[in-house]
Amino acid sequence: MADSMSEMLRADMECEGLLECFHDLKALDRDIFEVLCEREESLTVDEIAEAVSRERSTAYRSVQRLLEAGFIRKEQVNYEQGGYYHVYEPRDGEEIARELQRTLNDWYAKMGTLIGEFERKYAEGPARTPSED
């Protein structure tokens, strides 16, 4: 178990940026988020796919991950003759940063509690001599 935990923590430390570290997002997700941040207008999935030179289905999956992580928002645009399509834009960077900070604080508090529980359970037991192991 200790190996899997240390491996998990090491893997977390090797992530390239906030998007990858906090939400296990991929490089394409980061690229799409950057495209959306650079543009002044909202984009359709087709426009996003073209901007990152990927198939529409690949771009759509990435957009869905970004939506689920809360980094972008979706808006429905209605046609006058009926029907609609969706466009996507980034959420406010300061708002995202505050949410990331809350996530980090929550994680830190949870880890602190788990470490305290571990210490109470295992560090306060009777002292063992090497012959008892």
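Scroll up to find the structure this text is about.
Description of the structure in this document. (Residues numbered from 1 in each chain as written. Predicted model: local features only at pLDDT ≥ 70, side-chain atom pairs only at ≥ 80, totals over all residues. Heavy atoms only, no water.)

## Examining the environment of Ser 42
- Position of Ser 42 among the secondary structure elements: in the loop between helix H3 (27-38) and helix H4 (45-51).
- A residue is classified by how much of its surface remains accessible, and Ser 42, at 22% relative accessible area, is partly exposed.
- Taking the C-alpha atoms as reference points, Ser 42 and Glu 89, separated by 47 residues in sequence, lie 5.0 Å from one another.
- Apart from the residues lying within four places of it in its own chain, the contact partners of Ser 42 are Glu 47, Val 87, Tyr 88 and Glu 89.
- Here the side chain of Ser 42 touches Glu 89 through a polar contact of 2.7 Å, side chain to side chain. (Helix = DSSP H or I, 4+ residues; strand = E, 2+ residues; numbered from the N terminus. Buried < 20%, exposed > 50% of the residue type's maximum accessible area, 1.4 Å probe, protein only. Contact = heavy atoms within 4.5 Å. Polar contact = N/O pair within 3.5 Å; in protein donor to acceptor, adjacent residues only side chain to side chain.)

## What about the pattern of salt bridges?
- Following the criterion strictly, the structure yields 5 salt bridges and no others.
- Where Arg 73 meets Glu 89, a salt bridge forms, and the shortest distance between an N and an O atom there is 2.8 Å. Pair noted here: Arg 73 is in strand S1 (residues 72-78) and Glu 89 is in strand S2 (residues 84-90), with a separation of 16 residues, a long-range link.
- Here Arg 91 ties to Glu 95 by a salt bridge, and the two come within 2.3 Å at their closest N and O atoms.
- By relative accessible area, which is 14% here, Arg 91 ends up buried.
- Connected via shared salt-bridge partners are Arg 91, Glu 95 and Glu 99. (Salt bridge = Lys/Arg side-chain N within 4 Å of Asp/Glu carboxyl O.)

## Looking at unusual backbone geometry
- Despite not being glycine, Ser 53 has its phi angle at roughly 55°, a positive value.
- Locating Ser 53 in the fold gives a position in the loop between H4 and helix H5 (56-69).

## Let's talk about the packing of aromatic side chains
- Scanning all chains against the criterion turns up 3 aromatic pairs.
- Measuring from centroid to centroid gives 4.8 Å for Phe 118 and Tyr 122, while their planes differ by 45°, and the two rings are tilted. A residue pair is termed a helical-turn pair when its members lie 3 or 4 positions apart in one helix, as Phe 118 and Tyr 122 do in helix H6 (residues 93-123) at 4 residues. Across the pair, Tyr 122 and Phe 118 agree in class, each one exposed. (Phe/Tyr/Trp six-rings, centres within 6.5 Å; stacked < 30°, edge-to-face > 60°.)

## A few points about the nonpolar core
- Membership of the largest hydrophobic core comes to 20 residues, with the highest contact counts inside it found for Ile 32, Leu 36, Ile 48, Leu 66, Phe 71, Ile 72 and Tyr 88.
- Looking at this core, the elements with two or more residues in it are H3, H4, H5 and H6.
- Ranked by the residues each element gives to this core, the list is headed by H3, at 5 residues. (Core = buried A, V, L, I, M, F, W, Y, C linked by side-chain atoms within 4.5 Å.)

## A closer look at the side chain of Thr 44
- With respect to the element layout, Thr 44 can be found in the loop between H3 and H4.
- When sequence neighbours within four positions are dropped, the list of residues in contact with Thr 44 reads Tyr 85, His 86 and Val 87.

## A word on H3
- The end-to-end C-alpha separation of H3 is 17 Å, in line with the 16 Å expected for 12 residues at 1.5 Å each.
- Among the residues of H3, Leu 28, Asp 29, Ile 32, Phe 33, Val 35 and Leu 36 are the ones counted as buried. Relative to the axis of H3, the buried residues are bounded by an arc of 160° and lie together on one face. (Expected span 1.5 Å × (residues − 1). Arc of directions from axis to C-beta.)

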